[in-house]
Amino acid sequence: FHGIISREQADEILAGVEGAYILRESQRQPGCYTLALRFGNQTLNYRLFYDGKHFVGEKRFESIHDLVTDGLITLYIETKASEYISKMTTNPIYEHIGYATLLREKVSRRLSRTKNESRKASVTSEENTPVEKITSLVRRAALTQNDNHFNYEKAHNFKVHTFRGPHWCEYCANFMWGLIAQGVRCSDCGLNVHKQCSKYVPNDCQPDLKRIKRVYCCDLTTLVKAHNTQRPMVVDSCIREIETRGLKSEGLYRVSGFTEHIEDVKMAFDRDGDKADISASIYPDINIIAGALKLYFRDLPIPVITYDTYSKFIEAAKISNPDERLEAIHEVLMLLPAAHYETLRYLMIHLKKVTLHEKENFMNAENLGIVFGPTLMRPPEDSTLATLNDMRYQKLIVQILIENEDVLF
């Protein structure tokens, strides 16, 4: 550290020593610090950001030494291999038929519940590169042609990742360079790619059950693709149980079950998945099952009626003409992701059945709208005022969906 010195002084100190670096305090902005680094016969200056533990930017470094090491690697690669980098994504291995065949077989073995185990294939790339050299490629799951009948589109959930030892991109098959955070990994399926390659990867993520640690609080599309189901198994299991023994229960969905018992059901689904036992012998009070279903919807990171479509639904609800309002709601329904649409459709069919027993359960479409409005849709911004202002429209949307489920879906 050289205190407050100018760029020119830093240049003099570092002159002629490739890879040398110093830290200096800015003359123009005291209290701000700059890394001066000698590379390519010139002194490069970088503003430093420090959060008390890490030197931060797009990557997080424990020390200046690590930051400089990673920076020199990156500068060298970008300088010496710029043409190579620019062409990395032009001929990807991702969709080569050889790899697609291998991956389809892996997916079929894991997802198909009725088909016998597929025959194994030994595949190499067009360049005769052994599959083993393409690091972790076989972790990439379902492509468009596989045995998954509910192949909803899902974007990969990429997060910056530090790889230990040499690693290769599973999109372009090229080396991933750097000291840390060399690329990104999909936290749902494990696909490893360069950050610049990630924007070219199709929305074909097939989550791996080993990576999905729970059922509640998990993204809806991620859950159904991981379990290869049409809807979340929580929804199917709870609705099946409620329709078997609870449709005539007074105040169904309005009366609360014991919170600790509802939490027990949640833990059972998180632990056992579709094997969770929610039968009458374990939970005789049907309100516990109804409460667990509502809790599942409330816990979704993206509501069934998504943040992207929320304002469009609210605007549609404000239309005074009933026919135009119904048409507007139908148009917005078409914008929902497939798994969200299917889940909402199935729930509305169920709630319509609930209203057919109104004489016994005292739950009509309006009452159910009051219960499920805030459960199924939340404003994108966490605003109490917005929620209060929209509550009557949330109720109205669900009420209309229930009353017109045969037309809207």
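As a reminder, the structure under discussion sits directly above these lines.
Computed from a predicted model, the values in this text were never measured in an experiment.

Let us now look at unusual backbone geometry. Although it is not a glycine, Y253 sits at a positive phi angle of roughly 75°. In this fold, Y253 is placed in the loop between α7 (233–245) and α8 (259–272). Under the relative-accessibility criterion, Y253 is labelled buried at 1%. Phi is positive for F362, which is not a glycine, with a value near 60°. Residue placement: F362 occurs in the loop between α13 (358–361) and α14 (365–376). F362 sits in the partly exposed class, given a relative accessible area of 46%.

Time to look at the packing of aromatic side chains. If you walk through the whole model with that rule in mind, you get seven aromatic pairs. For the ring pair Y341 and F409, a centre distance of 5.5 Å and an interplane angle of 55° mean the geometry is tilted. Of the two residues, Y341 sits in helix α12 (residues 338–355) while F409 sits in the segment after α16 (405–408), which places them 68 residues apart along the sequence. Here F409 falls in the partly exposed class, since its relative accessible area comes to 22%. Among the aromatic residues, those joined into a cluster by ring pairs are Y216, Y296 and F297. Cation over ring: R231 sits above Y346, and NZ or CZ is 3.7 Å from the ring centre. Over the ring of Y393 we find K318, and its NZ or CZ is 5.4 Å from the ring centre.

Parameters at a glance
- Residues numbered from 1 in each chain as written.
- Predicted model: local features only at pLDDT ≥ 70, side-chain atom pairs only at ≥ 80, totals over all residues.
- Heavy atoms only, no water.
- Helix = DSSP H or I, 4+ residues; strand = E, 2+ residues; numbered from the N terminus.
- Buried < 20%, exposed > 50% of the residue type's maximum accessible area, 1.4 Å probe, protein only.
- Phe/Tyr/Trp six-rings, centres within 6.5 Å; stacked < 30°, edge-to-face > 60°.
- Lys NZ or Arg CZ within 6 Å of the ring centre and 35° of its normal.

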